[in-house]
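Below are the chains, spelled out letter by letter.
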Amino acid sequence: MRIINQDTKEGIIEVVPETLDDLWHLSHIVEVGDNASSKTTRRIQDNTGDKLRSDRGVKKTFYLGLDIENISFHIFTGKLRLTGVITRGPEDLIPLGSHHTLEVKLNTPITIKKERWPKWAIKRINQAIDASKKLSAMIVVLEDDSATLGLMRQFGIEYYGPIKGSVSGKRILDKNRQKNIVQFYEKVIESIEKFDSIENIVIAGPGFVKNDFYDYIKEKHKDLAKKSIIESTGSGGRVGISEVLKKGTVEKLTSENRVAIEMGAIEKLLTQIGKNSSKIVYGLKETKNAINLGAVSELLVLDTKVASENMGDLMDMVENMKGEVMVISSEHDGGKQLESLGGMAAILRYEIY
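Conventions used here
Residues numbered from 1 in each chain as written. Predicted model: local features only at pLDDT ≥ 70, side-chain atom pairs only at ≥ 80, totals over all residues. Heavy atoms only, no water. Helix = DSSP H or I, 4+ residues; strand = E, 2+ residues; numbered from the N terminus. Buried < 20%, exposed > 50% of the residue type's maximum accessible area, 1.4 Å probe, protein only. Contact = heavy atoms within 4.5 Å. Pairing = 2+ DSSP bridges. Core = buried A, V, L, I, M, F, W, Y, C linked by side-chain atoms within 4.5 Å. Axes fitted to C-alpha atoms, helices over the stretch in contact; angles between N-to-C directions. Parallel < 35°, antiparallel > 145°, perpendicular 65-115°, else oblique. Left-handed = near helix turned anticlockwise from the far one by under 90°. Nonpolar A, V, L, I, M, F, W, Y, C, P; charged D, E, K, R; others polar. Salt bridge = Lys/Arg side-chain N within 4 Å of Asp/Glu carboxyl O.

> How do you make sense of the overall build of the protein chain when you look at a structure like this?
Along the backbone of the protein chain there are 13 helices and 16 strands. Per-residue burial over the protein chain gives 48% buried out of 353 residues. Across the protein chain, the fraction of contacts at a sequence separation of at least 24, relative to all contacts at a separation of at least 6, is 65%.

Below is the structure:
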């Protein structure tokens, strides 16, 4: 993410999203009621040509602004769409006041105008800018002849696999077993190397397959071995990846990694809840009450609740009182655990009754 223009008096910030993570951040920074403007393409009726062309219209690209009524972000398609009432554009092509959907494109500037930019929104833009300068981490969980990859994204984990091999069990006599192991390992390595920005790799899993794989890359792929560490888990697959995140292994490697930090914060919260701590509150009503009492030391808010519960002012209130605010992604296991607690929770400075 890059900021190319900022006018705090007018409430305008113009940014260029550069990655899928940036679009995810923007989907939570932009709120219903904001105004957004960018280049867009729309099919316009053209009555100057033949009838067929007139019926279909022609595509034209122009600059358009709209008051946002709906925001949708689809991770799997990587599309962020803003729907609303048109407030700016070429009046000879489009009627002001009609509805349009603006698709936010990578590497295309978008201007966002708010009546007031809350601190949490500015902080989130800066986080996206900082994150774009950092390289990603990957968790590789192996067991027997199966591997699952988890690529760390800002919004959560992007899973790949399972990658399957044809390795027989040790008790089965197979003269090609070692050859099949090597082929399986090379298949996993090929998948890892598709992501050239990976700086930290956690090789994990139950049993000894992870150790054998690490020994193999130390001998055959020294460049990968240099940025890899081994971690034990009780399970394979996605459950194993979740175990690594909860242990904080990735957080130690990439201390600024958002998902690892969020998972660690949720784990800390759940530990305190398990101890029946009197300095924990969760749920919408209880957490909002604690904020209004000035008792919140750390506030955890699910990203989907920021807009739906109009949390901007309350989040600013926590930060103004020297508390910490963390917006938790709803796309990973930690977010789903917070959602089950009502979508927000807080660690308190003191007990409230």
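Still to come is the rest of the account.
> Quick question: what am I supposed to make of the pairing of strand β11 (residues 200–205) here?
Walk down a regular strand and you will see the side chains alternate between the two sheet faces. In terms of residue burial, β11 counts as a mostly covered element, since 6 of its 6 residues are buried. Residues Asn200, Val202 and Ala204 of β11 are buried on one face, and the alternating residues Ile201, Ile203 and Gly205, pointing to the opposite face, are buried as well. Relative to β11, strand β8 (residues 137–143) runs parallel, the two sharing 5 bridges. Looking at β11, one finds that Ala137 is bridged to Asn200. In this structure, β11 lies alongside strand β12 (residues 228–232), joined through 5 bridges in parallel fashion. Along β12, the bridge assignment pairs Ala204 with Glu231.

> I tried to follow the nonpolar core on my own but got confused; where do I start?
Most often, soluble globular proteins keep nonpolar side chains buried together rather than apart. Residues Leu26, Leu82, Val296, Leu299, Met311 and Met315 are the most contacted members of the largest nonpolar core, which totals 46 residues. Among residues more than four places away in sequence, those in contact with Met315 are Trp120, Leu299, Val306, Val325 and Val327.

> It is not clear to me how the packing of helix α9 (residues 258–274) against helix α13 (residues 333–340) should be interpreted in this structure. Could you clarify?
Between two packed helices, the angle of one axis relative to the other and the distance separating the axes together describe the packing. Relative to each other, α9 and α13 sit at 40°, their axes nearing to 8 Å. Relative to α13, the element α9 lies oblique. Crossing of α9 over α13 shows left-handed handedness. For the pair α9 and α13, the contacting residues are Met263, Ile266, Leu269 and Leu270 in the first and Asp333, Gly334, Gln337 and Leu338 in the second. Each residue belonging to the contact of α9 with α13 can be placed in one class, and the counts come to 5 nonpolar, 2 polar and 1 charged.

> Help me understand the pattern of salt bridges, please; the structure alone is not making it clear to me.
What the rule picks out here adds up to 12 salt bridges. Across the salt bridge formed by Lys114 and Glu31, the nearest N and O atoms sit 2.9 Å from each other. You can see Lys114 sitting in the loop between β7 (110–113) and α3 (119–132) and its partner Glu31 sitting in the loop between α1 (20–29) and β3 (35–44), a full 83 residues away along the chain. The exposure classification of Lys114 matches that of Glu31, with both residues buried. A salt bridge links Lys123 to Glu319; the shortest N-O distance between them is 3.4 Å. Residue Lys123 is located in helix α3, and its partner Glu319 is located in helix α12 (residues 312–320); the two are separated by 196 residues in the primary sequence. Exposure remark for Lys123: the relative accessible area of 34% places this residue in the partly exposed category. Residues joined by salt bridges that share partners form a network here, namely Glu31, Asp34 and Lys114.

> Teacher, can you tell me more about the sheet that holds strand β14 (residues 296–302) here?
The strands that make up a sheet pair up through hydrogen bonds in the backbone, lying either parallel or antiparallel. The sheet built from 4 strands is open, its strands ordered β13-β16-β14-β15 with mixed pairing. Two strands close off the open sheet at either side, each with one partner strand: β13 (280–282) and β15 (324–328). Ignoring which end each strand starts from, the neighbouring axes of this sheet average 15° apart. Bridge count between β13 and strand β16 (residues 344–348): 3 bridges; the pairing is antiparallel. Each bridged residue has a counterpart across the sheet, and for Val281 the counterpart in β16 is Ala346. The strands that helix α10 (residues 284–292) touches are β13, β14 and β16; relative to β16, the one it contacts most, it runs at about 40°.

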